[in-house]
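Each chain, letter by letter, is given below.
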Amino acid sequence: EVRVKVNISYAVELEEVPAETDKLLGECEGILRRLHGDLEHAIGQPPLELITQIDSIRVSLEALDRRFDDCARIISGYVELKNKMTQGTNSEVDSD
C-alpha cells in the first residue's frame, strides 16, 4: 500500500488559533493514550504478533510526530504574527 501525505489547510480567526491548536493536541493525547494501551497489550505477545504490533505502533508514532510538528508550526506562526502586530502597534504609539 502506497501512503501519500498531503497538506490541508483551513482558515480560522486569529484569536481562535490557540483553541484550534488545543483541539489538535487533544487528538494527539487520545492517540498517545491509545498507543500506550497498544504497547501494554503488545508486551509478552508471541514474536510474530509482536513484530506486527511494533510496526503498527511505529507507524502511528510517525503520524503523531507529524501532528505535533503541525501544532508547533501553527503556534509558532501565531506567536510570530502576534509579535509583529504588537511591534506595529508599538511603532505607531512611538511615532505619536
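All of these numbers come straight from a predicted model, not from anything done at the bench.

If the charged atoms of two oppositely charged side chains come close together, the side chains can form a pair. All chains considered together, the criterion is met by eight salt bridges. Residues Glu-27 and Arg-67 are paired through a salt bridge, measuring 2.6 Å at the closest nitrogen-oxygen approach. Of the two residues, Glu-27 sits in helix H1 (residues 17-42) while Arg-67 sits in helix H2 (residues 47-95), which places them 40 residues apart along the sequence. A residue is classified by how much of its surface remains accessible, and Glu-27, at 44% relative accessible area, is partly exposed. In this structure Arg-67 comes out as partly exposed when scored by relative accessible area, which is 27%. Note that Arg-66 and Glu-62 form a salt bridge whose closest N and O atoms lie 3.4 Å from each other. Taken together, the residues span about one helical turn, with Arg-66 and Glu-62 both in helix H2 at a distance of four residues. A residue is classified by how much of its surface remains accessible, and Arg-66, at 30% relative accessible area, is partly exposed. Classification of Glu-62 by relative accessible area gives partly exposed; the value is 47%.

Calculation notes
Residues numbered from 1 in each chain as written. Predicted model: local features only at pLDDT ≥ 70, side-chain atom pairs only at ≥ 80, totals over all residues. Heavy atoms only, no water. Salt bridge = Lys/Arg side-chain N within 4 Å of Asp/Glu carboxyl O. Helix = DSSP H or I, 4+ residues; strand = E, 2+ residues; numbered from the N terminus. Buried < 20%, exposed > 50% of the residue type's maximum accessible area, 1.4 Å probe, protein only.

Interpretation note: all reported values are geometric properties and have no functional meaning in isolation.
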